[in-house]
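# Notes for the structure review
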Amino acid sequence: MANTTLNASIIAKAAVGILENELTMAGLVYRGYEEEFDKKINGYTVGDTITIRKPTDFTVRNTITSSAQDVTEGKLTLQINKVAGVDFAFTSQQLTLNIAQLSERVIQPALVQVANQIDLDVMSLYKDIPQWVSTAAPPTATTVIDSFAKFSKGPLNLDSRAVPQGMRSGILSPADYWAMAGSQTALFNNSINGQAYRRGRIGEVGGVDTYMSQNAPVFTTGPGGGTPLVNGASQNTTYDTTGANTQTLITDGWTAAAAARVVVGDTFTIAGVFDVNPVTKATLPFLKQFVVAPGSTLASDGSGNLTLTIAPQIITTGAFKNVSAAPADNAALTFNLGVAASTALTNNLMFDKNAFALCMVPMVKPPGAVDVSRISKNGISVRVIPYYDGVNDKSTWRLDVLYGVQTVDRRLAVRVSG
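Residues numbered from 1 in each chain as written. Predicted model: local features only at pLDDT ≥ 70, side-chain atom pairs only at ≥ 80, totals over all residues. Heavy atoms only, no water.

Strand order in this open sheet of six strands is S13-S14-S17-S16-S15-S18, and the pairing throughout is antiparallel. Single-partner strands in this sheet number two, and they are strand S13 (226-230) and strand S18 (333-335). Within this sheet the neighbouring strands show an average axis-to-axis angle of 45°, counted without direction. Of the pairings in the sheet, the one linking strand S15 (residues 267-276) to strand S16 (residues 283-292) comprises five bridges and is antiparallel in character. Bridge pairing links Phe268 to Phe290 in S16. (Pairing = 2+ DSSP bridges. Helix = DSSP H or I, 4+ residues; strand = E, 2+ residues; numbered from the N terminus. Axes fitted to C-alpha atoms, helices over the stretch in contact; angles between N-to-C directions.)

Pasting the structure below:
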């Protein structure tokens, strides 16, 4: 069959299919917000930001007497502010190919890089998650998840906090993934050990559909220093309807130094502040975990004081109650599962689909561009634009993807160190 001179539409169709197949983490999170950007209000598009409504909470009465509650809905915004693209050049002779040749030689390697960047951006949201468990106490950089007992630390945490089952996924680093796959080969179940041994697949374990990614993040804990304490009692608040769900926490007892004592993504517990079941509000047998959020003062002042911006908020009463009690003055803070300062640890992720969101939207066809193709498939949109160099008979092709990522519900995920 004669070769076809490839155009932007043919290349865009091939690109969007390849990109869909190459996404890992990005393919496991909520993708429904693309529809919001297609809506028009009075003939105008919504712009680059949409508002997401967060689910509300209620308290249950145990008497016959009615007691109406105000409905309080939280909101947060998702902004489309990230671009990933690649550019490549062909002569007219090279463009007279079939699409299979071009996909294998050029488009697929290029889209692997784009998919990797999108996955990295979604994985970077792990620093929003306060829940962090480990297979060792304390975890070390060499510990791996090599048994069901270790793997189950993640789903156990999710179950203890009443995270819904049915749409859970897990992303493991290569070391943890292959250690876990190796542990399955010893099982007396051919449908499991055969898959692990012959194909290197873990599949669904403990209700968690498990994948491997080189983008599983390595988190380096903050330098710490001193004996951090809560500075002032009753540092609790009410539910933040803006959706940020953060508050400030005044602490002291840090080493008095100009250098940073904490980093964004550090997690900690507060003595005497226990987690609660989000449905029943019953106190759970483990301390509530918090995470250092952007906006914190990272370095202590000359007297060892430090004001943290933390998530989630400390709420002690009502429908959004999430702790057993407010922290007491001078209650001790324990950071990062008790590991040493400035320690690098793999942060595998286990999460419900609705914990994170990825939204891709079609990019505009710019005025003046002639052969523009924009293809969307299953919520993935790719734009391809060629421009020509007549002196060298060479066409440069730019391929772009426009998207945004957001943590929607911090409660629905857990970080797991191997």
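On to the sheet that holds strand S11 (residues 208-212). Pairing in this open sheet of six strands is mixed, and the strands run S8-S25-S20-S9-S11-S10 from one edge to the other. What marks the edges here is a single partner per strand, and that holds for strand S8 (132-134) and strand S10 (203-205). In this sheet, adjacent strand axes meet at a mean angle of 30° when their direction is disregarded. Relative to strand S25 (residues 413-417), strand S20 (residues 348-352) is paired through four bridges, and the arrangement is antiparallel. Looking at the pairing, Asn348 lines up with Val416 of S25.

Moving on: the pattern of salt bridges. Close approach of charged atoms allows side chains of opposite charge to pair. Taken as a whole and judged by the stated rule, the model has six salt bridges. With its nearest N and O atoms 2.7 Å apart, the salt bridge here joins Asp159 to Arg168. The partner of Arg398 in a salt bridge is Asp400, and the shortest N-O contact between them spans 2.7 Å. Take Asp400: its relative accessible area is 4%, and that puts it in the buried class. Residues joined by salt bridges that share partners form a network here, namely Arg383, Arg398 and Asp400. (Salt bridge = Lys/Arg side-chain N within 4 Å of Asp/Glu carboxyl O. Buried < 20%, exposed > 50% of the residue type's maximum accessible area, 1.4 Å probe, protein only.)

Our focus in this paragraph is the confidence of the model for the protein. Of the residues in the protein, 86% have a pLDDT of 70 or more, and the chain-wide mean is 83. This stretch, residues 196-200, has a pLDDT under 50; its non-local contacts, to residues over four places away or in other chains, come to nine contacts. (pLDDT = per-residue confidence, 0-100. Contact = heavy atoms within 4.5 Å.)

With that settled, consider the side chain of Asn322. Structurally, the position occupied by Asn322 is in the loop between strand S17 (306-311) and S18. Judged by its relative accessible area of 11%, Asn322 falls in the buried class. In terms of polar contacts, Asn322 uses its side chain to reach the backbone carbonyl oxygen of Gln313, at 2.7 Å. (Polar contact = N/O pair within 3.5 Å; in protein donor to acceptor, adjacent residues only side chain to side chain.)

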